[in-house]
Amino acid sequence: MKQDLLGLKDLSAQQIKNILSHAADMKKVVLSDSKKIPNLQGKTVVNLFYENSTRTRMSFELAAKYMSANAANISSSGSSVAKGETLIDTAETLDVMGTDILVMRHNMSGAPHLIAPVIKASVINAGDGMNEHPTQALLDIFTMIEHKGHIEGLKVAIIGDISHSRVVRSNIHGLTKLGAEVSLGGPATLMPKDIDKMGVKVFNNVQEAIIDADVVMGLRIQLERQKKGLFPSVREYFRFFGVDESRLRLAKPDAILMHPGPVNRGVELSTSVIDGDKSVITEQVTNGVAVRMAVMDMLINGGF
Ligand code: CP
């Protein structure tokens, strides 16, 4: 039976650990001089993206190619989606062309869950609305383990637009399953009611969220998903909630700074911390290729 990756909500701690362990092997391929292994030879990976992407789409395409798969990309503009074709009809059309893995990003929460039961290909959620972005959280957790050696007992502070972030939801599911302590910080207007029921601590003061953190993760202000008026201006946002050097000093001395990207420089994070010695943002991007190789390999060849 085919398997899908729709969210970290659905995975056990052991499944997450298995993916991360395989990603460590895949990272050796990504960093090698000969980026070609036969694991997906003869298979076809299609990236169906209804929203913009640089990191996720390109890393899935490269991950597929590094594993010898056929890889193709389709976006809503320029496809028959622009003529009004439905999501299900589009997915079924791609399915019957011989697709083995359909990687899908959509602005509607639950879109990949709608598609997965009706097509033969394995579906990977590459971000659905404000719900989940499971491979982003896997690469984030992989990066934390590379630097800290473990997740259990780690204090992770996630700062920014919590309401609109699918990255934060996937990270909360994954990190709490693996035993981390997660603190959220951001404006009350961008903090969902009842988010504390997910087993996290909530602060409307960024400093308190960051104190003694092992990991500080900034989130993008998602201007495209917001109604007006949730904060006065990006300048005021940075003044009260942006992470700069003085706020980062509240974390542990060996803390790392993360961000899923793309970063609004000078809004969520100051340029000095983005380019500073605590930043692991570019490592996250490299790890995204390794994690996506591991997920696709395990969905097709077993072990998921
Ligand atoms: N982090 C992330 O999903 O980036 P992209 O939108 O560039 O894929």
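The residue count restarts for each chain, going from 1 along the sequence in the order it is written. In keeping with the model being predicted, local features are shown solely for residues with a pLDDT of at least 70 and side-chain atom pairs are shown and tallied solely at 80 or more, while totals for entire chains, interfaces and linings include all residues. Processing note: side-chain calculations cover all non-hydrogen atoms of the structure and skip hydrogens and water entirely.

(A) Spatial organisation of the site of the ligand. Proximity criterion: a residue is near a molecule or strand once any of its heavy atoms comes within 4 Å of it. Around the ligand, the structure places Ser-53, Thr-54, Arg-55, Thr-56, Arg-105, His-133, Gln-136, Pro-260 and Gly-261. Polar contacts, as used here, are pairs of N or O atoms within 3.5 Å; protein pairs need one atom able to donate a hydrogen and one able to accept it. Residues neighboring in sequence count only if both atoms are side-chain atoms. In this structure, Thr-54 approaches the ligand through a main-chain N or O atom, which is 2.9 Å from an oxygen atom. In the model, an oxygen atom of the ligand is placed 2.7 Å from a nitrogen or oxygen of the Arg-55 side chain. Methods summary: accessible areas were calculated by the Shrake-Rupley approach with a probe of 1.4 Å, and residue burial reflects only the protein chains presented. Computed on the free molecule, the ligand has an accessible area of 260 Å², of which 91% lies beneath the protein chains in the complex. Lys, Arg, Asp and Glu make up the charged group, whereas Ala, Val, Leu, Ile, Met, Phe, Trp, Tyr, Cys and Pro make up the nonpolar group; the residues left over, Gly among them, are polar. Looking at side-chain class alone, the shell around the ligand contains one nonpolar, six polar and two charged residues.

(B) Representation of the environment of Phe-238. Helix and strand labels come from DSSP, where a helix needs a run of H or I of at least four residues and a strand needs a run of E of at least two; each type is numbered from the N terminus. Relative to the assigned elements, Phe-238 resides in helix 8 (residues 234-241). When accessible area is computed with a 1.4 Å probe and restricted to protein chains, residues below 20% of their type maximum are described as buried, those above 50% as exposed, and intermediate ones as partly exposed. Judged by relative accessible area, Phe-238 falls into the partly exposed class, the value being 24%. In sequence terms Phe-238 and His-259 are 21 residues apart; their C-alpha atoms lie 15 Å from each other. What Phe-238 contacts, discounting residues up to four positions off in sequence, is Val-243, Asp-244, Arg-247, Gly-266, Val-267, Leu-269 and Ser-270. Contacts are assigned to residue pairs that have any heavy atoms within 4.5 Å of one another.

(C) Here's a closer look at the pattern of salt bridges. Think of a salt bridge as a Lys or Arg side-chain nitrogen and an Asp or Glu carboxyl oxygen that are within 4 Å of each other. A complete count under the given rule lists 11 salt bridges for this structure. For Asp-254, the salt bridge goes to Lys-148, with nearest N and O atoms at 3.6 Å. Here Asp-254, found in the loop between helix 9 (245-248) and strand 9 (256-258), pairs with Lys-148, found in helix 5 (residues 134-148); they are 106 residues apart in sequence, far enough to count as distant. The residue Asp-194 makes a salt bridge to Lys-197 at a minimum N-O spacing of 3.1 Å. Salt bridges linked by common partners bring Lys-193, Asp-194 and Lys-197 together as one network.

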